[in-house]
Amino acid sequence: MMLEPGIEEKTFYLNLGPQHPSTHGVLRILLEMDGEFIANSEPVIGYGHRAHEKMAELRTYQQYLPNLGRVDYLHALAYNHGYCLAVERLAGIEVPERAEFIRVITSELNRIASHLLWFGAYLLDLGAFTPFLYCFDDRENVVDILDRVTGSRLTYCYFRFGGVRDDIDDEFIAGCRAFITRLRSRWQDYDDLVTKNVIFINRTRDVGIITPEQALKYGVTGPCLRGSGIPYDIRRSEPYSVYPLFDFEIPIGERGDIMDRYVVRLCEMEQSLRIIEQALDKLPNGPIMAEKVPKRLKPAEGEVYAAVESGRGEFGTYIVSKGDTKPYRIKLRVPSFSNLSIISELIKDTLVADMVAILGSFDLVIPEVDR
Amino acid sequence: MVAYFREMFVGLWSLVAGMAVTIRYFVRPIVTVQYPRQKLTMTPKYRGHIELIMDPETNTHRCTACGMCVRTCPSSLITVEGVKVKKKKLPVKHVIDYSYCSLCGLCVEVCPTNALKFSNEYRLAGYQRQDMVIDLMARLDAERATVGLPPLPIPTPESEEETTSAEEKA
């Protein structure tokens, strides 16, 4: 169709996704473009909706366990932990200390794997292919260590109400210690390869700045919030499990740009290594499962909310029980969903290339947004 | 002016430093496994599909066809059929549809006689969906054949009425 002379189209629409190499999963962003600049944008979600919350109403408490590993497949153990924590609070189950230590060690290892995958995939978005291979080499080590004890490599279903499924052995501990030394020797390489790289700095410094007020307004959590300079970490602000026993820092950024979020994640990996090291030193002996956990769990009527710090932010489980073997309602508060909601405001009047850099820096897991 | 050239030099140097890392790793041994020629051994706790444990004493399974695994499975993919022989229940059919399995391990935990374990099988690929339906009794027979034993005899019920199906959905 020909345009009438004198009438000029000011803006046009561009669909980013749902199948696009830089959108991480099936996220579609409808962009209203003014030339190369983004005038307006709207994320369209729901392509990966699997009705996880509804599924919970049809299954017993135990039967819902494998679902949690699929909500966020990258930091599955934190999601295992969050759900088990909520049910244990609801049913009043005491977890033995050794089990709590194993939970902390495995979820921190999983956090490192999650951050390493983000690190590699994000640089892939920016057009750097080489760091991805080094990250996956390191990540392979974590996955192998976790495979030895959990039995799976990605969608873990390892935590049980009142403990963990299998005990860790000496080979696992030796593997962890070897991995800690190995990853620490790699920081220098990552610095040389990425952090000091002039192209990377120019693409991330002062791009996609989230102010602390914006972050609080949208409920952004995790490394994105800490990158803006707010030291909010569930492990410290609402301690769960045995985290109060360990000495670790909450890294924060200053400006809230992509670079700060990147640095926060790298520092967090180092802090996770510190936690694992201390946990391995202090690891007590004892049982790994609480005694007398009924096979048909029937918690009393009530409701409970439990939150854990996942690789992306606050993951909360809200359970309403009517005293049945099945939960009446489960609501999952996922960090990626809240983090995604800020994107429209953030990418307004930026270039498309910057938009890809900003979107990637959120570490979004789309199955978690849709769940 | 000086700042301009310094920035340029620092930028260039950062690219060289990054390249040095790549070159250093280039001369190191490769970390990947050349899959069809090299294979990794699975860890003992690796979770493949479930299978029946062959009891070393009796060289048979310990399954009593109670149906606990059928009831606890979140995806209802296990089918067990049993018959009563001399007041004891024995399975005639133990089939799983592996394509629905989420490998949670609840069936292994819930089994009262510890008859199930995870196999170490990971090379599973098929041309059709039916290839993922695994007959655990047939697998046990194959395992018996490796130690030179004949396939398990199919238990026959004492009367037709006693044939029970444990195919209850939870």
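So, here's what we can say about the structure. (Residues numbered from 1 in each chain as written. Chains lettered and ligands numbered in written order. Predicted model: local features only at pLDDT ≥ 70, side-chain atom pairs only at ≥ 80, totals over all residues. Heavy atoms only, no water.)

**Some words on the overall build of chain A**
- Helices and strands together make up the secondary structure of chain A, namely 15 helices and 8 strands.
- Relative to the 2.2 N^0.38 estimate, which gives 21 Å for 371 residues, the radius of gyration of chain A is 22 Å and therefore close to what a compact globule would have.
- Principal-axis analysis of the C-alpha atoms gives chain A an extent of 80 × 50 × 35 Å.
- Taking as baseline every contact in chain A between residues at least 6 positions apart, the subset at least 24 positions apart corresponds to 71%.
- Of the roughly 14,700 Å² of accessible surface on chain A, a fraction of 54% belongs to carbon and sulfur atoms.
- On chain A, the mean spot of the 43 positive side-chain charges and the mean spot of the 54 negative ones are 6 Å from each other. (Helix = DSSP H or I, 4+ residues; strand = E, 2+ residues; numbered from the N terminus. Rg over C-alpha atoms; globule rule 2.2 N^0.38 Å. Contact = heavy atoms within 4.5 Å. Areas by Shrake-Rupley, 256 points an atom, 1.4 Å probe, with all protein chains shown as cover. Lys, Arg positive; Asp, Glu negative; His and termini not counted. Charge placed at Lys NZ, Arg CZ, Asp CG, Glu CD.)

**Regarding empty space enclosed by the protein**
Residue and element names in this part refer to chain B.
- Within this structure, the stated rule accounts for 5 cavities of 30 Å³ or more.
- The space that makes up the largest cavity amounts to roughly 140 Å³.
- Taken together, 17 residues form the lining of the largest cavity, with Cys-73, Leu-77, Cys-101, Cys-104 and Cys-107 sitting closest to its centre.
- Looking at side-chain class alone, the lining of the largest cavity contains 13 nonpolar, 4 polar and no charged residues.
- Reported here for the second largest cavity is a volume of approximately 90 Å³. (1 Å grid on protein atoms, 1.4 Å probe; cavity = no way out; pocket = protein on both sides within 12 Å on 5 of 7 lines; lining within 4 Å. Points joined across faces, edges and corners; volume = space filled by probe spheres on them. Nonpolar A, V, L, I, M, F, W, Y, C, P; charged D, E, K, R; others polar.)

**Here we look at the packing of helix α4 (residues 97-125) of chain A against helix α5 (residues 130-150) of chain A**
All names here are of chain A.
- Where α4 contacts α5, the two axes come as close as 9 Å, and the packing angle between them is 155 degrees. Here α5 runs roughly antiparallel to α4, going by the angle between their axes. Here α4 runs over α5; the crossing is left-handed. Seen from α4, the contacting residues are Thr-106, Leu-109, Asn-110, Ala-113, Leu-116, Leu-117, Phe-119, Gly-120, Ala-121, Leu-123 and Leu-124; seen from α5, they are Pro-131, Phe-132, Cys-135, Phe-136, Asp-138, Arg-139, Val-142, Ile-145, Leu-146 and Val-149.
- For the contact of α4 with α5, the per-class residue count stands at 16 nonpolar, 3 polar and 2 charged. (Axes fitted to C-alpha atoms, helices over the stretch in contact; angles between N-to-C directions. Parallel < 35°, antiparallel > 145°, perpendicular 65-115°, else oblique. Left-handed = near helix turned anticlockwise from the far one by under 90°.)

**Overview of the interface of chain B and chain A**
- Residue-level contacts link 28 residues of chain B with 27 residues of chain A.
- In total, chain B and chain A occlude about 2,400 Å² of area from one another, counting both sides; carbon and sulfur atoms represent 52% of this.
- Three residues stand out in chain B for area buried against chain A, namely Tyr-25, Lys-45 and Arg-47 of chain B, and they jointly supply 26% of the buried area on that side.
- Inspection of the chain B/chain A interface yields 3 salt bridges.
- Where Glu-109 of chain B meets Arg-165 of chain A, a salt bridge forms, and the shortest distance between an N and an O atom there is 2.7 Å.
- Of all elements in the fold, only α1 (2-26), α2 (68-72) and α3 (106-110) of chain B reach the threshold of two or more residues within the side of chain B that touches chain A.
- With 9 residues, α1 of chain B is the largest single contributor of residues to the side of chain B that touches chain A.
- Considering only residue class, the side of chain B that touches chain A consists of 15 nonpolar, 8 polar and 5 charged. (Buried area = accessible area lost by both parts, 1.4 Å probe. Salt bridge = Lys/Arg side-chain N within 4 Å of Asp/Glu carboxyl O.)

**A word on the layout of surface pockets**
- In this structure, the largest pocket encloses a volume near 1,000 Å³.
- Together, 32 residues line the largest pocket, and Asp-137 and Glu-140 of chain A together with Val-31, Thr-32 and Val-33 of chain B are the ones closest to its centre.
- Top element by residues in the lining of the largest pocket is α5 of chain A. It accounts for 10 residues.
- Taken as a whole, the second largest pocket encloses approximately 830 Å³ of empty space.
- Lining the second largest pocket are 30 residues; nearest its centre among them are Thr-60, Gln-62 and Lys-295 of chain A together with Thr-72 and Val-110 of chain B.
- Residue assignment for the lining of the second largest pocket shows that the elements contributing at least two residues are α2 and α3 of chain B.

**Considering the sheet that holds strand β2 (residues 28-34) of chain A**
Residues and elements named next belong to chain A.
- Taken in spatial order, the 3 strands line up as β1-β2-β3 in an open sheet, and their pairing is antiparallel. Whereas interior strands pair on both sides, the edge strands pair on one side only; in this sheet they are β1 (12-16) and β3 (37-44). Across the sheet, the axes of successive neighbouring strands diverge by a mean angle of 25 degrees, strand direction being ignored.
- Strand direction decides the pairing type here: β1 and β2, joined by 5 bridges, are antiparallel. Pairing of Phe-12 across the sheet is with Met-33, part of β2.
- On the sheet, helix α14 (residues 352-361) packs against β1, β2 and β3 and is oriented at approximately 150 degrees with respect to β2. (Pairing = 2+ DSSP bridges.)

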